[in-house]
Amino acid sequence: MSGPAERVYNFGAGPAVLPEPVLREVQEHLLALPGTGMSVLEISHRSAAFEEILTSAETGIRALAGVPDGYHVLFLQGGATQQFAMVPMNLLAAGAAADYVVTGSWARKAASEARKFGTVRVAATTEADGFTRVPVPSELVLTRGAAYVHLTSNNTIAGTQWGEIPETGDSPLVVDASSDILSRPMDVARHGLIYAGAQKNLGPAGVTVVIVRDELVRRAPQGLPTLMRYETFADSRSLHNTPPVFAIYVVALVTAWIRDAGGLDEMERRNERKARALYDVIDRSSFYRGTAEPASRSRMNVTFRLPTPELDARFVREAADAGLAGLKGHRSVGGQRASIYNAFPEAGVAALVDFMREFERTRG
C-alpha cells in the first residue's frame, strides 16, 4: 500500500481527524505499552494496565463534561446506530410512547428503529424544509408523560446543529451527540442519556460512549438480551465481555489532549473561530451557497454548494490535489462538506479558505 508521504488535511465526516499528538503517542507505544512489554492491542482487558486505561477514559469524560453523581459512563460497541435500538429496548415500556425530533437522516433512522419496539410520536420535523434547519422550541409538540424525548444535537449530513438544547419537561432527554460531544460545554444533568460514536470527536471507530442516569439504567424490562441491557455494562464497568480495548485507549488519550488544551471552553472557542472563517467566505460570495439556514448552522460540519454540479465535482478533485481531503458532500445533499471537529487544526481551515478564494477567482 502506498500513499502521500505527508499528512493531508482530513475534512472527512468520520472516521475523522485525530489530534496529531495523540497519533504520535499511539505510534510510540504501539509496539509496547510502557510497563507491560506488549502492545496495547495485545493486553488483557482484565489486566491492571487496562484498568488504568479504562479509569483514565472514564474520569477524563466525567471531568470534561461535568458528569454528576448518579450517572454511569459506559463504553459499548455497535456504534450510535445500535443505540437507535438499545434506547427504546431499555426505556420504552409497553404501552408507553416516546417523542422524536426529526432533524436529519440519522434522527429519522433513530425514530424508524424505535417504532419496532413501541409507539413513536414525532414531536417536530424539518424534513419538509430539506433538513436545512432545526426547529425553534415553539414548534415542539411534546407528549405528556412521554417515556423520553430523543433528538440529535448535530446533523452531520445537513450541516445543522442545535444552538441550545430545548427543554423537555418531565420526560427524560435522550441525545445522539455523536458529532459534537465534547465540542462545547454541556449540562449533563439536563439529560437522561447521551450517546456518541467515538469516531468524530472522541477517538477511533469501534467504541460508543453512553452517559446515562442510574434510574434509566434500571428501567430495562425483564427478558431483554444481556448484551442489550445498559444495566449489564453499568454493573460491570463495561467489562461484561471484551470491550474495544484499543479504541478506549485512544479515547483516554484524546480526553487528556482536550484537558491539556484548555477543556471544553477552549474547544468551543476554537470551533467557533474555525466555523466563522468558513461561513464568512460563503456569506461574502455569490459563488458559494450554504445549504443550512444561518440560525441553524453547524460548527462541526460546514455544508455548501457551488453554482453547478460540474463545479462541485471539480472543486473536490482540485482540493484533494491540494491536500484538502474528504470534502465531498453526502450523496443526499451534494455539494461540499467540511467537517472540522475538535482535532481539526485551524491551519487546515485557513488552507481551505485560501483555496476557496482562489477557486472562485479562477473558476467564478
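To be clear, the structure that these remarks concern was listed above.
For clarity, every value in this text was computed on a predicted model and none was experimentally measured.

### Section: the pattern of salt bridges
Here is step 1: Per the stated rule, a full pass over the model turns up 27 salt bridges.
Here is step 2: One salt bridge in this structure joins arginine 299 and glutamate 272, with 2.9 Å as the shortest N-O distance. Here arginine 299 is found in the loop between β11 (289–290) and β12 (301–305), whereas its partner glutamate 272 is found in helix α8 (residues 263–283), with 27 residues between them in sequence.
Here is step 3: It is possible to trace a salt-bridge network through shared partners that takes in Asp214, Arg218, Arg229, Glu231 and Asp235.

### Focus on α8
Here is step 1: For α8, spanning 21 residues, the distance from its first C-alpha to its last is 30 Å, which sits close to the expected 30 Å at 1.5 Å a residue.
Here is step 2: Within α8, the full set of buried residues consists of Gly263, Leu264, Glu266, Met267, Asn271, Lys274, Ala275, Leu278, Tyr279, Val281 and Ile282.

### So, the packing of helix α3 (residues 79–91) against helix α4 (residues 105–114)
Each packed pair of helices is defined by two parameters, the angle between the axes and the distance between the axes.
Here is step 1: It is the contact of α3 with α4, at a shortest axis distance of 8 Å, that shows an interaxial angle of 40°. The angle between the axes of α3 and α4 places the two elements in the oblique class. Of the two elements, α3 crosses α4, and the hand of that crossing is right-handed. Between α3, through Thr81, Phe84, Ala85 and Pro88, and α4, the contact on the second element is made entirely by Trp106, Lys109, Ala110, Glu113 and Ala114.
Here is step 2: Of the residues contributing to the contact of α3 with α4, the split by class is six nonpolar, one polar and two charged.

### Notes on the sheet that holds β11
Here is step 1: With respect to topology, three strands assemble into an open sheet ordered β11-β12-β14, the strand pairing being antiparallel. Both outer strands of the open sheet, β11 and β14 (336–339), are each paired with one neighbouring strand and no more.
Here is step 2: Two elements, β11 and β12, share two bridges in a ladder whose sense is antiparallel. Counterpart to arginine 289 in the pairing with β12 is arginine 305.

### Some remarks on the packing of aromatic side chains
Here is step 1: In the structure shown here, the tally under the stated rule is 14 aromatic pairs.
Here is step 2: Centroid distance phenylalanine 84 to tyrosine 195: 6.5 Å. Interplanar angle 70°. Geometry classified as edge-to-face. Here phenylalanine 84 is found in helix α3, whereas its partner tyrosine 195 is found in strand β9 (residues 193–197), with 111 residues between them in sequence.
Here is step 3: Of the residues examined, tyrosine 195 reaches a relative accessible area of 0% and is grouped as buried.
Here is step 4: The interplanar angle of 75° and the centroid separation of 5.2 Å between the aromatic rings of phenylalanine 315 and phenylalanine 359 together place this pair among those described as edge-to-face. With a gap of 44 residues between them, phenylalanine 315 in helix α9 (residues 309–321) and phenylalanine 359 in helix α10 (residues 346–363) connect regions that are remote in the sequence. When sorted by exposure, phenylalanine 315 lands in the same class as phenylalanine 359, which is buried.
Here is step 5: Of the aromatic side chains, those joined through ring pairs into one cluster are Phe287, Tyr288, Phe304, Phe315, Phe355 and Phe359.
Here is step 6: Between the NZ or CZ atom of lysine 109 and the centre of the ring of tryptophan 106, over which it lies, the distance is 4.4 Å.

What counts as what
- Residues numbered from 1 in each chain as written.
- Predicted model: local features only at pLDDT ≥ 70, side-chain atom pairs only at ≥ 80, totals over all residues.
- Heavy atoms only, no water.
- Salt bridge = Lys/Arg side-chain N within 4 Å of Asp/Glu carboxyl O.
- Helix = DSSP H or I, 4+ residues; strand = E, 2+ residues; numbered from the N terminus.
- Expected span 1.5 Å × (residues − 1).
- Buried < 20%, exposed > 50% of the residue type's maximum accessible area, 1.4 Å probe, protein only.
- Axes fitted to C-alpha atoms, helices over the stretch in contact; angles between N-to-C directions.
- Parallel < 35°, antiparallel > 145°, perpendicular 65-115°, else oblique.
- Left-handed = near helix turned anticlockwise from the far one by under 90°.
- Contact = heavy atoms within 4.5 Å.
- Nonpolar A, V, L, I, M, F, W, Y, C, P; charged D, E, K, R; others polar.
- Pairing = 2+ DSSP bridges.
- Phe/Tyr/Trp six-rings, centres within 6.5 Å; stacked < 30°, edge-to-face > 60°.
- Lys NZ or Arg CZ within 6 Å of the ring centre and 35° of its normal.

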